[in-house]
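# A look at the structure
Each chain, written out:
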Amino acid sequence: MNINRIIWIVLDSVGIGEARDAAKFGDEGADTLGHTAEANGGLDIPNMVKLGIGNIDGAHNLESCDNPIGCFGKLAEVSAGKDTTIGHWEMAGIYSPDPFPVYPDGFPDCIIDEFIKKTGIPGILCNKPASGTQIIAELGDEHVATGKPIVYTSGDSVFQIACHEDVVPVETLYEYCKIARKILMGAHAVARVIARPFVGQYPNFERTDRRHDFSLVPPKQTVLDDLKDAGKDVIGVGKIYDIFAGKGITETTANHGNKKNMEKVFELQKKDFNGLCYINLVDFDMIYGHRRDILGYTTALNEFDKDLEIFLANMRGD
């Protein structure tokens, strides 16, 4: 039977050993699957095991399978840098020889001053690398009192703007991000400008799923563009639209977390489409990875495996 459609699921940040350039990023010894398998009661992922995940060379603490039903292996990124955008662009066919700029000491005055001037805001808070949840807990009350957005970065090439939804409406926050995106070009062309809306009161501030990424437009044609140009469907679920700045996408569903994103995939499996459905499950990285939440990460992998069983049962011959 002809293959008419491909469903491509990325478990964001789920790795199986350190990359060759791990030392550049302080990632020596990284082994997400191996470490979650030995912690908190271990992994319960029988469907990934059936596909052959434990048969990959160098897999640690994972059960292998005598007759795996899938193809399996591990790949190393060849592009420079370590971030969502470069990784997904490479998967879609773009090699990036130069990393995006990062700001371990915060953004220079020329960027911040122009951002304040063009948005008309009273100023900003933070301007340093930070954990999103921690910096919102630390500065959320001051933001509410002053109206100054919380601007921060991370080890990745990102300019993040956090605002309480009752202080700065989400659409206004998006406008701030669009302004920042236009400023952050050339030598300061960060991979993503990210809107980080939150709600609640101290100490229970909570980020919402109305996050939105404003990415650079891919500089070259990707496989998504090729498929779209050939008249195929290119359906993005989760962060895919944001990562590619909409380029090559014919239909999109925004990120609403792993569970709801997989429910959308189940829905799409039952529809007729001809082309590619590309899914990013960001909770692994955004909620558990950045917070070093081993128990949460392990639980999320186990939950995905249950969804994988449903997904495999829904697969058609084409």
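Heads up: the structure comes first, above all this text.
A brief look at the structure comes next. None of these values were measured; they are calculated from a predicted model. (Residues numbered from 1 in each chain as written. Predicted model: local features only at pLDDT ≥ 70, side-chain atom pairs only at ≥ 80, totals over all residues. Heavy atoms only, no water.)

## Overview of the pattern of salt bridges
Inspection of every chain in the model, using the stated rule, returns 13 salt bridges. For the salt bridge of E114 with K118, the shortest nitrogen-to-oxygen distance reads 2.9 Å. With E114 and K118 both in helix 4 (residues 109–119) and four residues apart, this pair spans about one turn of that helix. Here E165 ties to R210 by a salt bridge, and the two come within 2.8 Å at their closest N and O atoms. Placement of the pair is E165 in the loop between strand 4 (158–164) and helix 6 (170–183) and R210 in the loop between strand 6 (206–207) and strand 7 (212–215), with a sequence separation of 45 residues. Of the residues examined, E165 reaches a relative accessible area of 17% and is grouped as buried. (Salt bridge = Lys/Arg side-chain N within 4 Å of Asp/Glu carboxyl O. Helix = DSSP H or I, 4+ residues; strand = E, 2+ residues; numbered from the N terminus. Buried < 20%, exposed > 50% of the residue type's maximum accessible area, 1.4 Å probe, protein only.)

## Description of the nonpolar core
Formed by 29 residues in total, the largest nonpolar core has its most connected members in M48, F284, L301 and F304. For this core, the elements supplying multiple residues, two or more each, are helix 1 (32–37), helix 2 (46–51), strand 8 (233–237), helix 9 (258–269), strand 10 (275–281) and helix 11 (294–314). The greatest single-element share of this core, amounting to six residues, is contributed by helix 11. Aside from chain neighbours lying at most four places away, what touches M48 is L11, I53, L301, F304, D305 and L308. One finds Y176, C177, V190 and F214 within the second-largest nonpolar core, a separate group that totals 24 residues. (Core = buried A, V, L, I, M, F, W, Y, C linked by side-chain atoms within 4.5 Å. Contact = heavy atoms within 4.5 Å.)

## Some details on helix 3 (residues 84–91)
Among the eight residues of helix 3, six are classified as buried, and the element is accordingly described as predominantly covered. Listed as buried for helix 3 are T84, T85, I86, G87, H88 and W89. Its buried side turned inward, helix 3 meets strand 1 (5–11), strand 5 (192–199), strand 7, helix 8 (240–243) and strand 10. Its side-chain oxygen at 3.1 Å from the backbone nitrogen of T85, D83 defines the N-terminal cap of helix 3. In the segment just after helix 3, G93 is the residue with positive phi, at about 115°. (Polar contact = N/O pair within 3.5 Å; in protein donor to acceptor, adjacent residues only side chain to side chain.)

## A short note on unusual backbone geometry
Cis peptide bonds are those with omega within 30 degrees of zero, and the linkage from Y202 to P203 qualifies with 5°. Within the fold, P203 resides in the loop between strand 5 and strand 6. Positive phi, normally seen in glycine, also occurs at S13, with a value near 85°. Here S13 shows up in the loop between strand 1 and helix 1. Located in the positive-phi region is N61, a residue other than glycine, with phi close to 65°. The topology assignment puts N61 in the loop between helix 2 and helix 3.

## Re the environment of G140
If you trace the backbone, G140 turns up in helix 5 (residues 132–146). Taking the relative accessible area as the measure of exposure, G140 reaches 0% and is therefore buried. A C-alpha to C-alpha distance of 36 Å links G140 and D305, two positions 165 residues apart in sequence. Apart from residues lying up to four places away in sequence, G140 is in contact with I135, I150, F198 and F205.

## A look at the pairing of strand 4
Along strand 4, seven of the seven residues are buried, which leaves the element largely enclosed by surrounding structure. Bridge count for strand 3 (residues 150–153) against strand 4 is three bridges, and the pairing is antiparallel. Bridge pairing in strand 4 places I150 opposite A162. Hairpin connection from strand 3 to strand 4: four residues lie between these consecutive antiparallel strands. In this sheet, strand 5 lies alongside strand 4 in parallel orientation, the contact comprising seven bridges. The residue bridging F159 from the neighbouring strand is V193, located in strand 5. Of the crossover connections in this fold, the one passing from strand 4 over helix 6 to the parallel strand 5 is right-handed. (Pairing = 2+ DSSP bridges. Right-handed = clockwise from strand over helix to strand, strands pointing away.)

## Here we look at a nonpolar patch on the surface
There is a patch of nonpolar side chains on the surface, built from I69, L312 and M315 and spanning about 280 Å² of accessible area. As for its placement among the helices and strands, L312 is situated in helix 11. (Patch = residues over 30% accessible without salt bridge, like charges linked within 9 Å, V, L, I, M, F, W, Y side chains within 5 Å. Areas by Shrake-Rupley, 256 points an atom, 1.4 Å probe, with all protein chains shown as cover.)

## Here's the deal with the packing of aromatic side chains
Tallying each qualifying case throughout the model produces nine aromatic pairs. Look at W8 and Y278: their rings are 4.1 Å apart centre to centre, the planes differ by 10°, and that puts the pair in the stacked class. Taken together, the residues W8 in strand 1 and Y278 in strand 10 connect sequence positions 270 residues apart. Accessibility expressed as a relative area gives 24% for W8, which makes it partly exposed. With a centroid separation of 5.8 Å and 80° between ring planes, the pair formed by W89 and F100 is classed as edge-to-face. Of the two residues, W89 sits in helix 3 while F100 sits in the loop between helix 3 and helix 4, which places them eleven residues apart along the sequence. (Phe/Tyr/Trp six-rings, centres within 6.5 Å; stacked < 30°, edge-to-face > 60°.)

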